Each structure stands twice: as structure tokens, then as C-alpha cells.
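Close look at the chain arrangement
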Amino acid sequence: MNAPIEQPPQGSPALRLHRQLAAIWATGPGWQRLAAVNHSIIGLRFMATAFAFFAIGGVLGMLTRVQLATPKAAFMDAETYNQVFTMHGSILLFLFAIPMIEGIAVYLTPKILGARDFAFPRLTAYGYWCYLFGGTILTGALIAGVAPNSGWFMYTPLSSNVYTPGINADVWLLGVTFVEISALTLAVEIVVSILKMRAPGMSLDRMPIFGWYMLVTALMMVVAFPPLILASILLEIERAFGLPFFDPTRGGDSLLWQHLFWLFGHPDVYIIFLPMAGLLSTMIPVLANRTLIGYRAIVVAIIALAFVSFGIWVHHMFTVGIPHLALAFFSAGSAIVAVPTAVQIFAWLATLAHGRPRWNVPMLYVFGFFFTFVFGGLTGVMLAIVPFDWQAHDTYFVVAHFHYVVGGAAAFPLLAALYYWLPLLTGRTAVYRLSVPAFWLVFIGFNLTFFLMHLTGLLGMPRRVYTYSGHEGWTWLNLLSSVGGFIMTIGFGLVVIDLLAQLRYGRRVRRDPWRAATLEWAMPIPPAPYAFASIPEVETRADRIAPGELARSLARGEGYLGFARNGWQETLGIHMTSGTPEQVIVLPRPTYLPFGTALATAAAVLAMLFQFYLLALAMALVTAGLFVWSGQNAGLARDYGPLPVGRGLSLPPHTEVAGAPPWWALIFTLVADATLFTSLLFGTLYLWISAPKWPPAAAPEPDLLLTFAALAALAVAAVAARGSLRAGAAGGAPQGWIGLAAVVLLAAIAAIVALIGGVVPYPREHALGATAAALLGYVALHAGIGLLFLLSNLLRLASGRISPRRTLDLRLSRLWLDYTAVTGLVAFGLVLALPALVAMLGARP
Amino acid sequence: MDHSVLRATVYLATAAGLTGCTGPLSTLDPAGPAAASIATLWWVMLVGAAVLLALVVGIFALVLLRPGWGSSVSPQRWILLGGLGLPAIVLPPLVAYGLIAGERLLPLPGSTPPRIEVHAERWRWTARYPDHGGMATEGVLHLPAGTPVDIVVTSRDVIHSFWIPRLGGKIDVVPGRVNVLRVQADAPGHYQGQCAEFCGHGHSGMRFDVVVHPAVDFSAQIAKPDAAGKVKQ
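Residues numbered from 1 in each chain as written. Chains lettered and ligands numbered in written order. Predicted model: local features only at pLDDT ≥ 70, side-chain atom pairs only at ≥ 80, totals over all residues.

1. Brief notes about the overall build of chain A
In plain terms, the rule: In this description a helix means any DSSP run of H or I spanning at least four residues, a strand means any run of E spanning at least two, and both kinds are numbered starting from the N terminus. With the radius of gyration taken over C-alpha atoms, the globule rule is written as 2.2 Å times the number of residues to the power 0.38. In this scheme every C-beta is placed from the backbone, and a residue whose C-beta has 20 or more other C-beta atoms within 10 Å is buried, one with 12 or fewer is exposed, and one in between is partly exposed.
Along chain A, the regular secondary structure elements total 23 helices and six strands. Scaling as 2.2 N^0.38, a compact globule of 845 residues should have a C-alpha radius of gyration of about 28 Å, and chain A matches this with 27 Å. Reported as C-alpha extents along the three principal axes, the dimensions of chain A are approximately 85 × 80 × 50 Å. Each of the 845 residues in chain A was classed as buried or not, and the buried ones make up 60%.

Shown next, in the form of C-alpha cells:
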């Protein structure tokens, strides 16, 4: 692995290095904790907050079980029950599962990949605060009795302002979108960090399997969340401003919501499952005392799973009345998902069979996972069979199924992981006296609750009924399910007590209690804020190392960057695939900016919620301004050239290379953005093809002159961005070009606003006008954000943060304006084509 | 597949003490060909799933309790047999069976059984009988026994789902759209239907009665002024 290792008395070089690095990387005490940007701290906060929401969601689940334990129960009325079950699902999926995965990713990924932190620590912190504030808004609504009440998938028109007046649905749309946007920022960060910030030598095919799982998961998030974010925005616009996208009386279609929702919702199931499988694929080899079998097969399987999972969303919609050829396609697709899943299951079984498994508490939970996941997978295959789904859909059979696959298959691996990595978090090993009975309570309670629900569903109990009369034959099943729920809750209570006991009474240990084989154990535990005192060179697959020996040499500073320089938080950037080191990444220090920016964002959301639209706009501008401001001290104030990084190597700082993390972050952000745009195009065409009440009474007549003027302005802006880059790289003054780009962008925005004002049919009257306005609005918004890029360029030019060698800012602007021009071309093209499209509708039945 | 053998197995299984499967809304207590076909599908899948679950959990138990038990099988073979072989054996026949069974249940063009229009609105069901002078019933659906009927569902407000579990699968009632579900009851009697898609406060109570009359008698029965649920016109 590393330099030869002699018997090391833990000498003073290691201690001195620790003190120097800790001084640079530490987060201050007291209020300065609000300024924390360190991945270990933010990761722990994510996990702790997610756990708190798990408790809230769990209590809500128990309330439903109390209500349903007996027929005609008077414990809750229908309205309360509707809020409780909606929030149970929404909290556990949006405020527990996804953030817990992000927390694990943030805490663990850099350590497993041999980096000192994630690529954008301030963005991590911003994502956390957005999650906390968004979750607080949702929970606050529950306490105030105005929580969302239309079910966690918010089907329209039930969730429209006609059938759900009041702010209940707005709380969901705004709160969840707030949290989703934070999830999206983190997804981009995870992708970039995994691709660019591994230990030197860790080529992609040497990456520990956990890295592959997180990479695929984060890429899935990048393309899965945008359809839901778009749908939520459109529905909120429909509710707040009356533009019909989903309203069937005005040319919208409620099924469009279902398509967009499940286009997110189905991959979401795998976004939750894959990280769990990643944890299992990391733990099982260690528990089996051998390396993972089928590394390559698993990598292929999870990539296949990711692709297939985006093609089968319609299996949530088998009963909406779609063509039977489509049913056949989606049924077969849904069954095929079983293949990559089976590959993983048998790779794990093979690893256990070829190893010498240890039987301990993590392994007990691995058993719990195998049982519940295989069970839920099998009922999933059943539900993929269309005729059976016609009976089982929307019954407790489905409730049982998804609690097995996203409840059990998440809870058991999570608890296994918690027991496995707890020593890393706390520096203490476990005593298992309470752990075993706690497991059995959870396991038995879980299966009692949800196993019986399959039968309840087959006996005809639909989801989301708040009560039943008692003659249906459901009574005893419901009572037993409720009893099971309470056993499970007691089990979870015991798990919490057990964990607290571990914190208090666990035996102190300095490093690697498992004889593990991945890098997160190659450091003293609990980890210091800088994680690695020096960064290892990886010469083999990075799940085959001996972290115990490596840790001592790294602590002495024998790897890369084993020193403190300029008070910088330094880590290494590598070539994406080969793992060759190529840059020194200098990370930002703790700052209150993420906290402040998230507060401003939350204020915008709240203002929107209470319909203070001008205030909302103002707060959105403040948020944008804070983002521009936070860009001002990013990077470095002068050119440095290659800097020594240790082991005889010198590398340029990230500000002076082509493939710096921000460049890749913008690319993946644009991938997400393009997915959102594609969803909008899909929505427009979908409504045109299949919505009722088409064609509209008034035929659209887009203004050709204005449209071409706007398009020309966007093209000129893109050209001007090229000019500014050329001038900047040549040492000239790009300000003139930037000014030109800004002026034409303003002109484009003015033209687009005029176009929106003239949209026929009037956007509030028909979905055709509404989608045309949305397409135009999308382009205007991007032109507006382009102005922010240009403003930031001007400010940073003035402060000397841009030089001929540091042109990243100008390249980012160019990329953004190119994207704006291209999407503008497509959006304007579709708007211009709408009259022809509408004319074709004559033949439609 | 020999249908009568399967059905006999189902009846045996039912007789063998699965009395817990009966109920006014039970899909496992079929009273029409569609529900019967799906119930058969379920029992077949249940047996298959039980075998597979036992297999995987059994293997897990063996590799843990008998270390070295599976090490004679090479790693590649583990993944090929379990990951590809097992699904290859199970999935294609199952999907094909499901698709063929499903195809039979769809209201395909060609045959044109009598139609009944069912209209859903929060939180009640109204049925109209165009072949019978457009008479209507509320909260009650009258059906003739032994003949297929196409139920044409529409909604005035939000999405509902029309479902008579003992007769067959459900169909969503989507505002702005017209969906068709073919149902058939084997024998005269009383059945129950309900809304399966969450539609707001009254969702739990949005049920309806299904009264199945002998086919020869159907017109006369629903023409009676005191036919259940009849709407005065």
C-alpha cells in the first residue's frame, strides 16, 4: 500500500501533525457550530436529524395502527387520519430515507475513498440547513393541524385548490420541493466528489464497491428528482396562480401528475435500496472474513438496475386504463428488475459461503435484511403481474409489500450498519447484551405487522381508509397488525436504549475493531475533522487493504499532503477514471453563509406559503445574492503554479486546472436541469396527445418577431461569453464582453416577458397557454440566472480572482449561456410549433 | 395449463380450512370468472414465492450454520445460477402466464356486451342502464348473472377507483376520461363494491351494493319501482 512500515511508537511527528491540521480544520465552539462545513459534522447532523424524523414518522404510523386496531374507532376523525397517514409517508420517504442516505454518503464516502472532505463543504451545509428548515415547516404544519392530507403522492385533482383548499397541499409542495432541491445539490456534490476526489491511484476499477453504489445512487438522484420538482412547481403554480396543468376541465390531465410523480417515485425506491445494498456489500465481506465475490458483476448489476428502474414507473399505474401493449411492456420490465437484484443477493450469499462468517449483531441484522428483502422482492414480482395488480393495487397488500422493500430492506441494513460503524463514530466497541433481544423484537414485530397486511389486502381492505365497519373479516388481522406494530416500536425503543448504552459503556478502542478492509478505518477513531493526516496512495483494489497498519503511517504524514500549508484545508483531486493525482483542492473554511442563505431560502418558501408573493420574490433575490456573494471568496486570490504535495510530487491548485470540481458540478447540475426541461417538454406533448378538452377554443398565435429577437439575443449572449473567455485567457479585459452579454440577456428577458404576456390561449384558461408560458418562463429564468453568473464574473474580476490561468468562472458562464441558448431554441421551437400541433388534433377522437 | 385441475386445487385449498379467506370484499372468495382467474394466479404465485423464500433463507442459514457448505460451488457459478438461472426459470413463464390471463380479462373490441354507466362523485356511486330506458340507481349496481357486462366509469370530481373484489380487478375512475371494466358474476346474490383510490374525507365510506339477478329476470327486476337504490325520475 504505502511506504514500508516499521514498528511505530506513536511518535511526536504524528502528534505535531495532528495539532497543526486540527487547528486548520476544526469547527469553533458555541455559536460557531452554525458555521460548520466539515463533512463529519454535517454527516452526523444529517443522520441525527433523519433519525429524529424517523421517530416522528414512526409515531404517526403507530397512531394509524391505534386507529385501525378496531372497527369504527373514534380515536381519530377522517381529517386527522388523512393528515397523519400523509405525513407518515411523506416524512419517512422525504425526511428520513433520502436524508439518511445523504448523511451516510456525506459522512462515510470521503473516508472510504481516501479524501479529507467533500468537494463543496458550504453546499453540504446549505443542503443540511434546507433539509432541517423544510422538515421543520412540514412538522410545524402537522402541529398546527394544517398538514398535507392528500396522501404522500398527492394525486391531482384531489390535491388541487378546488378539492383541497387551504394551505395543506401547499405545505407539501413547497416543503418537499425545498427538501428535494437540497437533495439534488447533495447528489451533484456526491457525484463530483466520488469522481474527482478519491485517493491517488484509486482508479474506478479499484474503487471500493461502496463508492460504486453511491455513485450510481447519486446519478440516479440527479435525474430522478427533477420530474418531481417540476411536477410540484407546476402544481403549486396551478394552485397559487390558476394555470391549469393538471386540471381536466381546462385541458390539463391528472395522469400527467402521476407520470411525473412515478418517474421520480419508482427510481426513488432504488435510490433508497442501492445505498443499503452498498452498506451490505461493504459489511458482508468483512463479516465473512474474505473479499467480496462478484465485484464486477455487482457493478454491472447496479448500473443495469439504475437504467431499468427508470423504465418501469408505469407499474404504479396499471389500473388507470392504459393500452394493454404498454401493460405488457411495463410488466415484463418490472419483472426483469429481479435479475440484477438476484445477482447481488447471490453475490452476498457466495461471499458468505466462501468465507468464514462471524455471527454477531450486524450479521443478525443482515439476516433480517435477507428475509424481509427477499420476501418483499417476491411480492414485488407478484405485483408486476398485471391481472394480480388489478386486484392488489391500492390495497393493504401493496402497503405490506412496500413496507417490506423500503421499510424492512432499509431498516435492517441501516441498523446493521449502525452497529458496524458505531465504533468509527464513537471510538468505542459494542457490548451486545441488549442488542439481541432488541433485534428480535423489531424483527418479530415487523413481520407480524406487515405479513398479515398482505392477507388484509387480499380480503379487500383498500389503503387510506380511516375506519371500517367490522363485517369485512379484517378485524382480527388489523388488531394483530397493531399488536405487531407495538412490539416493533418497543424493539426500536430498546435499540435506542442499547445505542445510548454503547455510547456510555462501550470499551474504548483506538482503531479498526473489525479487521476491516476499507480506508475509513485507516485513521484514529473517532475521526479527526481532517480525517486523514496524510492521504494514501492506493495500489490495489481499495477494499483489500489493511487499514490498521496504514493508519500509523498516514498519521505520521507519510502519505500525500502530510503537512499544513498557508492555513489551507487541502485535499487531492484526481483524474476521474485512472485515479492519477492532478490537482490540489483547497476547500473553504467554516462560514455562516450556508446558514444565512438557507434562512433566506426558508423565508422565501414561507412567504410563498402564506401568499406574500412580493416578499417571496424579494427573499429569492436575497438568496441568489448570497449565492453570488459566497462565490466571491471561493478559490484563490493569485496564481500559484504547481505546489508540492509530498512524496516528490507537485500539482497545481484546482483554480488553475481545466477539470476542477465546480466545472463538473455545473455539468451534472445541467444534466439535472435538462432532465427537468425534458420533463416539461414531455408534459407539453403529453397534454397535447392525451388530455381531455383539447384543442382549446382559441388558436395559439405566437409572435414570430419577438420570438426570433429573444432567440437572437440568447445566441449573442453565448457568443459574448466566448469573447469574454478568450479575452480573459489572453490577459485582456473581458468586462466589455460581459457587459454585452448582460445587455442582450436583459433584452431577451424583456422579449420573453412580452411573449408570455401575449400567450394565446390565456394561460389561466387552457393548459396549452399554461405550458407555453411555462416553457417561456423556463428560458427567462435561465437568462436571469445567467445575469447572476455575469455579475459574479465582474465582481471576481475586480477582486483579482480571475486571471489568464484562473479562467474557471468565465468557462462556467459560457457553459451556462450555451445551455440557455440551446434550451431556448428548443423551447421557442416548440412554442412556435404549437399552432401546427393543435391543427393536427382535428383527427383525434 | 389445465384450468379445471388448478381450480380444483383452489377449491381444495379453500376447503382445507382457509375459511379466513372468505368475506364480502375478499379477492380470495371469487364469484366471477375474472376474480377466479386472478385468485388462481395468486395461489400459484404464493406457492412459487414460498419455495423461493425458503430456498434463499435456507441457503443463508446453511452458509452461516455450516461454514464451508457452499464453497465447493465456484463464485461465478453462484452468481450465474442464482442471479441469472433462477430468474430465467421463474420469470418468463410467470410473466407470460400473467399476460395471457390478463388479456382474457380485458374488454377487447369484437364482442359488445351490454354496457352500464357508472358515475363516481365524492362520495357516492350512480349507475345508469342505457339498455333499460336510462334508469338509474344510486349506491347500488344491478347486474345480470352469467353474462359479461362492460362498466363504463366516469368521474365528476377527483380520481376514484371502481372495485368489486369478488368479481374482479379494479379500474380507476379518472376525471376527463372514460374507462371500461368488464365484469361478470357467476350467480345471483348480493356483493359489495368500494372505492379503492383515496378521494378525501368520505373515501372510507364510499361503498356500494351489487345485486346480481338471474339474467332472464334482469329487465323485470330492475324495472320494478322498488328496485334497490332506484333514483326517482
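2. Here we look at the overall build of chain B
The condition that has to hold: This entry defines residue contacts through backbone-placed C-beta atoms, with two residues in contact when those atoms are within 7 Å.
Of the regular secondary structure elements, chain B holds four helices and 10 strands. For 233 residues, the compact-globule formula gives about 17 Å, and the C-alpha radius of gyration of chain B, at 23 Å, lies well above that figure. Dimensions along the principal axes, computed over C-alpha positions, put chain B at roughly 80 × 40 × 35 Å. By residue count, 40% of the 233 residues in chain B fall in the buried class. Within chain B, counting contacts between residues at least 6 apart in sequence, those at least 24 apart form 65% of the total.

3. Considerations on the confidence of the model for chain B
Residues and elements named next belong to chain B. Defined as follows: For every residue, the predictor reports its confidence as pLDDT, a number between 0 and 100.
The pLDDT averaged across chain B works out to 90; a share of 91% of its residues lies at or above 70. For chain B, the element scoring lowest by mean pLDDT is helix H1 (residues 3-15), at 57; strand S6 (residues 160-163) scores highest, at 98. Predicted as a complex, the structure gets a pTM of 0.95 and an ipTM equal to 0.93.

4. Considering the packing of helix H13 (residues 396-426) of chain A against helix H14 (residues 435-458) of chain A
Residues and elements named next belong to chain A. Defined as follows: Between the N-to-C directions of two axes lies an angle of 0 to 180 degrees, each axis being a line fitted to C-alpha atoms and, for a helix, fitted only over the stretch in contact. Any angle that is under 35 degrees is reported as roughly parallel, and any over 145 degrees as roughly antiparallel; angles of 65 to 115 degrees are reported as roughly perpendicular and all others as oblique. By convention the crossing between two helices is left-handed if the near helix lies anticlockwise of the far one by an angle smaller than a right angle, and right-handed if it lies clockwise. For this scheme, ten residues count as nonpolar: Ala, Val, Leu, Ile, Met, Phe, Trp, Tyr, Cys and Pro. Four count as charged, namely Asp, Glu, Lys and Arg, and the remainder, Gly too, count as polar.
Following both chains from N to C, one finds H13 and H14 inclined at 165 degrees, their axes separated by 8 Å at the closest point. Between H13 and H14, the angle falls in the class roughly antiparallel. Note that H13 runs across H14; the crossing there is left-handed. On H14, the residues touching Tyr 396, Phe 397, Val 398, Val 399, Ala 400, His 403, Tyr 404, Gly 408 and Tyr 419 of H13 are Ser 435, Phe 446, Phe 450, Met 453, His 454, Thr 456, Gly 457 and Leu 458. Per-class residue counts for the contact of H13 with H14 are 11 nonpolar, six polar and no charged.

5. Some remarks on the domain arrangement of chain B
Residue and element names in this part refer to chain B. Counted only if it meets this: Bear in mind that the domain bounds are from an automatic or database domain assignment.
Along its sequence, chain B is carved into domain 1 (3-105) and domain 2 (115-223). Taking only C-alpha atoms into account, the centre of domain 1 sits 32 Å from that of domain 2. With 13 residues of domain 1 at the contact, the number on the domain 2 side is 14 residues. Per-element tally for the side of domain 1 that touches domain 2: the top contributor is helix H2 (residues 33-65), with four residues. Grouping the amino acids of the side of domain 1 that touches domain 2 by side-chain chemistry returns nine nonpolar, three polar and one charged.

6. Let's talk about the pairing of S6 of chain B
Looking along a regular strand, one sees side chains alternate from face to face of the sheet. All names here are of chain B. Counted only if it meets this: Paired strands, in this sense, are two strands between which DSSP finds at least two bridges.
Burial of S6 is two-sided: the residues His 160 and Phe 162 facing one way and the residues Ser 161 and Trp 163 facing the other way are all buried. Pairing analysis gives three bridges linking S6 to strand S7 (residues 171-173), with the strands arranged antiparallel. Looking across to S7, one finds that Phe 162 is bridged to Ile 171. In terms of strand pairing, S6 meets strand S9 (residues 189-195) through two bridges, oriented antiparallel. Residue pairing across strands places Phe 162 opposite Cys 195, the latter belonging to S9.

7. Quick word on the nonpolar core
Formally: By our criterion, buried Ala, Val, Leu, Ile, Met, Phe, Trp, Tyr and Cys residues that link up through C-beta atoms within 7 Å make up a nonpolar core.
In this structure, Val 191, Leu 349, Ala 717 and Ala 748 of chain A are the most contacted members of the largest nonpolar core, which totals 369 residues. Here Val 191 of chain A is in contact with Leu 215, Ala 218, Leu 219, Val 222 and Phe 668 of chain A, once residues within four sequence places are set aside.

8. Re the packing of helix H21 (residues 735-757) of chain A against helix H22 (residues 767-798) of chain A
Residues and elements named next belong to chain A. Look at H21 against H22: their axes get within 9 Å of each other, and the N-to-C directions meet at 160 degrees. In terms of their interaxial angle, H21 and H22 are classed as roughly antiparallel. Our pair here, H21 against H22, has a crossing hand that is left-handed. Here the contact of H21 with H22 is built from residues that sort into 19 nonpolar, five polar and no charged.

9. Re the sheet that holds S9 of chain B
Residues and elements named next belong to chain B. Spatially, the five strands line up as an open sheet ordered S4-S10-S9-S6-S7, and their pairing is mixed. At either end of the open sheet lies a strand with only one pairing partner, and these are strand S4 (140-144) and S7. Across this sheet, the average inter-strand angle for adjacent strands is 30 degrees, counted without regard to direction.

10. Regarding the sheet that holds strand S1 (residues 115-121) of chain B
Residues and elements named next belong to chain B. Taken together, the five strands give an open sheet; going across it, the order is S3-S2-S1-S5-S8, and neighbouring strands pair in mixed fashion. Every other strand in the sheet has two partners, leaving strand S3 (135-138) and strand S8 (179-183) as the edge strands with one partner each. Taken over all neighbouring pairs, the strand axes of this sheet differ in orientation by 25 degrees on average, direction set aside. Of the pairings in the sheet, the one linking S1 to strand S5 (residues 149-155) comprises six bridges and is parallel in character. Residue pairing in the sheet places Val 118 in a bridge with Val 153 of S5.

11. Topic: the environment of Gly 800 of chain A
Residues and elements named next belong to chain A. Inspection of the secondary structure assignment puts Gly 800 in the loop between H22 and helix H23 (808-840). Note on Gly 800: 11 C-beta atoms within 10 Å, which makes it exposed. Each C-alpha atom, one on Gly 800 and one on Gly 311, is 49 Å from the other, the two residues being 489 residues apart in sequence.

12. Observations regarding the interface of chain B and chain A
With 66 residues of chain B at the contact, the number on the chain A side is 67 residues. Elements represented by at least two residues in the side of chain B that touches chain A include exactly H2, helix H3 (75-105) and S7 of chain B. Broken down by element, the residue count for the side of chain B that touches chain A peaks at 17 residues, all from H3 of chain B.

13. Considering the pairing of strand S10 (residues 207-213) of chain B
Residue and element names in this part refer to chain B. Judged from the five bridges that link them, S4 and S10 form a sheet pairing that is parallel. Residue pairing in the sheet places Leu 143 in a bridge with Val 212 of S10. As judged from the six bridges shared by S9 and S10, these two strands associate in the antiparallel manner. Its bridge partner being in S10, Gln 194 is matched across the sheet by Arg 207.

14. Comments concerning H14 of chain A
Owing to its 3.6 residues per turn, the α-helix aligns residues three or four sequence positions apart on the same side. Definition in use: A helix is expected to reach a length of 1.5 Å times the quantity of its residues less one.
Compared with an ideal rise of 1.5 Å per residue, which puts 24 residues at 34 Å, H14 of chain A spans 35 Å between its outermost C-alpha atoms and is within 8% of the ideal. One or two steps after H14 of chain A, the chain reaches Gly 460 of chain A, where phi turns positive at roughly 100 degrees.

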